[in-house]
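# Working through the structure, step by step
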2 protein chains.
Amino acid sequence: MRINKNYLNLQDSYLFSKISRKVAEYKEKHPEKDIISLGIGDVTLPLCDAVVRAMQVAVAEMGTKEGFKGYGPEQGYGFLRQAIARYYEKRNIYLDPAEIFVSDGAKSDLGNILDIFSVDNTVLIPDPVYPVYVDSNIMAGRKILYMDANAENNFLPTPDESIKADIIYICSPNNPTGAVYNREQLRAWVDYALSCNAIILFDAAYEAFIQDDKLPRSIYEIEGAKKCAIEFCSLSKTAGFTGVRCGYTVVPMELVYENTVLNKLWLRRQTTKFNGVPYIVQRGAEAVFSEEGHAQIQQNIAYYKENAKIISETLKGMNIWFVGGENSPYIWLKCPTGMTSWVYFDYLLENANIIGTPGSGFGKNGEEFFRLTSFGERKNIIEAMNRLSKI
Amino acid sequence: MRINKNYLNLQDSYLFSKISRKVAEYKEKHPEKDIISLGIGDVTLPLCDAVVRAMQVAVAEMGTKEGFKGYGPEQGYGFLRQAIARYYEKRNIYLDPAEIFVSDGAKSDLGNILDIFSVDNTVLIPDPVYPVYVDSNIMAGRKILYMDANAENNFLPTPDESIKADIIYICSPNNPTGAVYNREQLRAWVDYALSCNAIILFDAAYEAFIQDDKLPRSIYEIEGAKKCAIEFCSLSKTAGFTGVRCGYTVVPMELVYENTVLNKLWLRRQTTKFNGVPYIVQRGAEAVFSEEGHAQIQQNIAYYKENAKIISETLKGMNIWFVGGENSPYIWLKCPTGMTSWVYFDYLLENANIIGTPGSGFGKNGEEFFRLTSFGERKNIIEAMNRLSKI
């Protein structure tokens, strides 16, 4: 039996284990220090009340003969897909529920969608980037091209007509940079994809953090996108579902390549290799889209946004260049005095007892940059910013 | 952008939609008839009390600051992997929790495990078979060989030394036939796999239905299996988790191919393309392995087994040849008077108002066979068997 040798081309995933190790070593030397983490990409606020109640009801149902649910449709229950379709409708995007696939999170679907594409495609990925986009394609053996995101383009690369790509990754609002594409820029990407018959994999995991009404929250706000883009959404950061696991992937019926309707391929893939998201979780997700649930998650999102604002204001006051923080939970700053990212990591840990994520962990263009996240507790954010402004 | 053209080699998945259509047509013509389904592969008894309570506690925790859980380890929480390791220990199989991966069900892991194997492997699959084994390999473009399961070998094919295979699927107790391999037969398969450096994908989804102590419930009861087998387990039928979604996959550290430890590959695959099973579900699964939960699920399993016994006794009384039913929730019978399976389907539907699953839906060797399942309600099973014995 032969293994998939592409796996041997993966880099050892050292970023977060290296961070853990350095923090553990520091803690051992300085057990009295109060270390604040602004590096976590995980939420800290609990599930909102509407979601908890909906799941309690669903758990109870599962214990009764009449209410018990066995296998559900692999693409998700109609009640949830319809709720998601109505959510899109509010922004004048009209989807058939059959174009919506409930997922156990964007991470799974972003990895598994690659099953339906030939390995013979060239993938275009930004640098810096969330590493799984890269790794999942290395596993398949695809050719990867990188597009430079940097201070010159405000970490929002635009299409390069001289490059022909087949699969294009766009994450907006971006992880790790927090940068957000505007309508014109996404228009350019859609035009580019249509012109070279490419497909855009649009990661909208952070769309709920956008506060500027002019910025698009879905790729489908751009005309023509239904012909060239799959959108991946997640309730992880929107509703605190990082440990509950639910998202949704939109595969419009108009997505046709080589005379093949992609929606049919994805349905076949999912009905073959997936058995759906738990009923209990889907009822929790449905509550997120209810009026009450929506209002409650907005409060949590506002809390994280206020954290981001506090971080942003502090950096502005220190004249530190950054993107993000305004329509995103991530802030991507230029390390002061030309420090490289791991040097800045050590500097912050030792001088302010703050942990962040070194930009080089996300690619070569992150070498002089650093990611801070706004998911922590308010008091820690305030304390951390106090310390930061003093060093 | 080019699609994965292997998808065009998939057969249209018509089996259950054809059954639905025929049943809908019959119901339209005969709305007054009481149709009983013995075709469903889904459980009907609700979740047991211990599981419901554990999930209620977990849902409540998720609504509190102190108890909220965000991202968990992709391979599953230690508390659950340890509970699973203790379950194996009871049968003298010693696993490191790091060899256990919590899944959202065997279907997902059976499909996704293929990511870590080269497409350049020959796959050996039984006929008849659960179609997803075949489809997931067609999607990858692998060469597939079939081994004949038939009345002559009691639907338990043994290794053919003249065939060299790389990936071997064994499902025992079997879906669709209910046949169960004994120790000697599994010993032969392990020896075969070791001799040609193949890997066995052992689907143990129905192990909890085995009542004969002499029959193995895990491939690891066979010495040497840790060097050549991955085991896929599921709580779907064991604990009624078809709509809750939880299972576990065992990848022993001793599984090494081309100098590569498969456990590391699977961990990398899952940490890249999966974000774990919901915390709430893992607490529910933990309850399955508790003393109380175990006792409660045994009651449910006993209920289904009694159903299987009623069906078996009826068939014996009618001199209809069958396998399964004794250590499995499935019964695989030879259609009487030489009817082919779809003809028998129509015959049963019209003359007894019973639905089953035609064997040809599982492969050419199912042409003259038929699957009945024991997951239905007791009163329906009894009524169905009354009707069957009269025609």
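Each value, and the rule that gives it
- Residues numbered from 1 in each chain as written.
- Chains lettered and ligands numbered in written order.
- Predicted model: local features only at pLDDT ≥ 70, side-chain atom pairs only at ≥ 80, totals over all residues.
- Heavy atoms only, no water.
- Least-squares fit on C-alpha atoms with pLDDT ≥ 70 in both.
- Contact = heavy atoms within 4.5 Å.
- Buried area = accessible area lost by both parts, 1.4 Å probe.
- Salt bridge = Lys/Arg side-chain N within 4 Å of Asp/Glu carboxyl O.
- Domains from an automatic or database assignment.
- Polar contact = N/O pair within 3.5 Å; in protein donor to acceptor, adjacent residues only side chain to side chain.
- Helix = DSSP H or I, 4+ residues; strand = E, 2+ residues; numbered from the N terminus.
- Buried < 20%, exposed > 50% of the residue type's maximum accessible area, 1.4 Å probe, protein only.
- Pairing = 2+ DSSP bridges.
- Axes fitted to C-alpha atoms, helices over the stretch in contact; angles between N-to-C directions.
- Core = buried A, V, L, I, M, F, W, Y, C linked by side-chain atoms within 4.5 Å.

## Here we look at the relation of the copies chain B and chain A
Placing chain B over chain A gives an RMSD of 0.0 Å and needs a rotation angle of 180 degrees, together with 0.0 Å of translation along the axis. The transformation just described matches what one would write down for a two-fold rotation axis. For chain B, the residue whose C-alpha comes nearest the rotation axis is Gln56 of chain B, separated from it by 3.1 Å. The fraction of interface residues of chain B whose copies in chain A are also interface residues reaches 100%, indicating that both copies meet through the same surface.

## Structural notes on the interface of chain B and chain A
Interface size is commonly expressed as the accessible area that is lost once the parts come together. Every contact between the two is made by 79 residues of chain B and, on the other side, 79 residues of chain A. Carbon and sulfur atoms make up 55% of the area that chain B and chain A hide from each other, which totals about 6,500 Å². Across the contact surface, chain B and chain A share ten salt bridges. Where Asp135 of chain B meets Arg268 of chain A, a salt bridge forms, and the shortest distance between an N and an O atom there is 3.0 Å.

## A short note on the domain arrangement of chain A
All names here are of chain A. Looking at chain A, the domain boundaries give domain 1 (13-42 + 292-390) and domain 2 (51-290). Counting residues at the interface gives 27 residues for domain 1 and 34 residues for domain 2. For the pair domain 1 and domain 2, the two sides together bury roughly 2,600 Å², of which 56% comes from carbon and sulfur. Counting the contacts that link domain 1 with domain 2 gives two salt bridges. Close ionic contact of Arg53 with Glu292 constitutes a salt bridge, the shortest N to O distance being 2.4 Å. The tally of links between domain 1 and domain 2 comes to 18 residue pairs in polar contact (both at pLDDT 80 or more).

## With respect to unusual backbone geometry
In this structure, the amide linkage connecting Asp127 of chain A to the following residue, Pro128 of chain A, adopts the cis form with an omega of 15 degrees. Within the fold, Pro128 of chain A resides in the loop between strand 3 (122-127) and helix 5 (131-140). Residue Pro176 of chain B follows Asn175 of chain B across a cis peptide bond; omega there is 15 degrees. Residue position: Pro176 of chain B is located in the loop between strand 5 (167-171) and helix 6 (183-195). Despite not being glycine, Phe155 of chain B shows a phi value in the positive range, around 60 degrees. Its place among the elements puts Phe155 of chain B in the loop between strand 4 (143-148) and strand 5. The class of Phe155 of chain B is buried, set by a relative accessible area of 3%. Backbone geometry at Arg245 of chain B places phi at a positive 70 degrees, although glycine is not the residue there. Relative to the assigned elements, Arg245 of chain B resides in the loop between helix 7 (236-239) and strand 8 (247-250).

## Quick look at the pattern of salt bridges
Using the criterion set out here, one finds 50 salt bridges over all chains in the structure. One salt bridge connects Glu74 of chain A with Lys107 of chain B, and the closest N-O pair in it is separated by 3.0 Å. Here Glu74 of chain A is found in the loop between helix 2 (49-62) and helix 3 (78-89), whereas its partner Lys107 of chain B is found in helix 4 (residues 106-112) on a different chain. The exposure classification of Glu74 of chain A matches that of Lys107 of chain B, with both residues buried. One salt bridge in this structure joins Arg183 of chain B and Glu221 of chain B, with 3.1 Å as the shortest N-O distance. In this pair, Arg183 of chain B sits in helix 6 while Glu221 of chain B sits in the loop between strand 6 (199-203) and strand 7 (229-234), placing the two residues 38 residues apart along the sequence. Here Glu221 of chain B falls in the partly exposed class, since its relative accessible area comes to 23%. Put simply, Arg2 of chain A together with Lys164 and Asp166 of chain B are held in one network by salt bridges that share partners.

## Details of the sheet that holds strand 11 (residues 322-324) of chain A
Residue and element names in this part refer to chain A. If you walk across this open sheet you meet the four strands as 11-12-15-14, and the pairing is antiparallel. The open sheet terminates on both sides in strands that have one partner only, identified here as strand 11 and strand 14 (357-358). Alignment of strand 12 (residues 330-334) against strand 15 (residues 369-373), held across five bridges, turns out to be antiparallel. What sits directly across from Tyr330, in strand 15, is Thr373. Strands in contact with helix 10 (residues 291-317) are strand 11, strand 12 and strand 15; relative to strand 12, the strand with the most contacts, it is inclined by about 15 degrees.

## Observations concerning the pairing of strand 7 (residues 229-234) of chain A
Residue and element names in this part refer to chain A. Strand 7 sits mainly inside the fold: six of its six residues count as buried. Sheet analysis places strand 7 next to strand 8 (residues 247-250), joined by four bridges and oriented antiparallel. Its bridge partner being in strand 8, Phe232 is matched across the sheet by Thr249.

## Concerning the pairing of strand 12 of chain A
Regular strands have side chains that alternate between both faces of the sheet. Residue and element names in this part refer to chain A. Taken across its five residues, strand 12 has four buried, putting it largely inside the fold. Relative to strand 12, strand 11 runs antiparallel, the two being bridged by three bridges. Counterpart to Val323 in the pairing with strand 12 is Trp332. Here strand 11 folds back onto strand 12 in antiparallel fashion, the turn holding five residues, of which Gly325 has a positive phi close to 80 degrees.

## Observations regarding the nonpolar core
Ranked by internal contacts, the top residues of the largest apolar core, which has 290 residues, are Phe117, Ile168 and Leu262 of chain A together with Phe117, Ile168 and Leu262 of chain B. With sequence-adjacent residues up to four places away left out, Ile168 of chain B is seen in contact with Leu124, Met147, Trp189, Tyr192, Ala193, Ala198, Ile199, Ile200 and Leu201 of chain B.

## Some details on the side chain of Asp166 of chain A
With respect to the helices and strands, Asp166 of chain A occurs in the loop between strand 4 (143-148) and strand 5 (167-171). With a relative accessible area of 5%, Asp166 of chain A lands in the buried category. Here the side chain of Asp166 of chain A touches Thr122 of chain A through a polar contact of 2.7 Å, landing on its backbone nitrogen. Once residues within four sequence positions are removed from consideration, Asp166 of chain A is found in contact with Asp120, Asn121, Thr122, Ala198 and Ile199 of chain A together with Met1 and Arg2 of chain B.

## Comments concerning helix 9 (residues 279-288) of chain B
The buried fraction of helix 9 of chain B amounts to eight of the ten residues, a majority that puts the element mostly inside the structure. When we look at burial in helix 9 of chain B, the residues that qualify are Tyr279, Ile280, Val281, Gln282, Gly284, Ala285, Ala287 and Val288 of chain B. The secondary structure elements touched by the buried residues of helix 9 of chain B are helix 2 of chain A together with helix 2 (49-62), helix 3 (78-89), strand 2 (100-103), helix 7 and helix 10 (291-317) of chain B.

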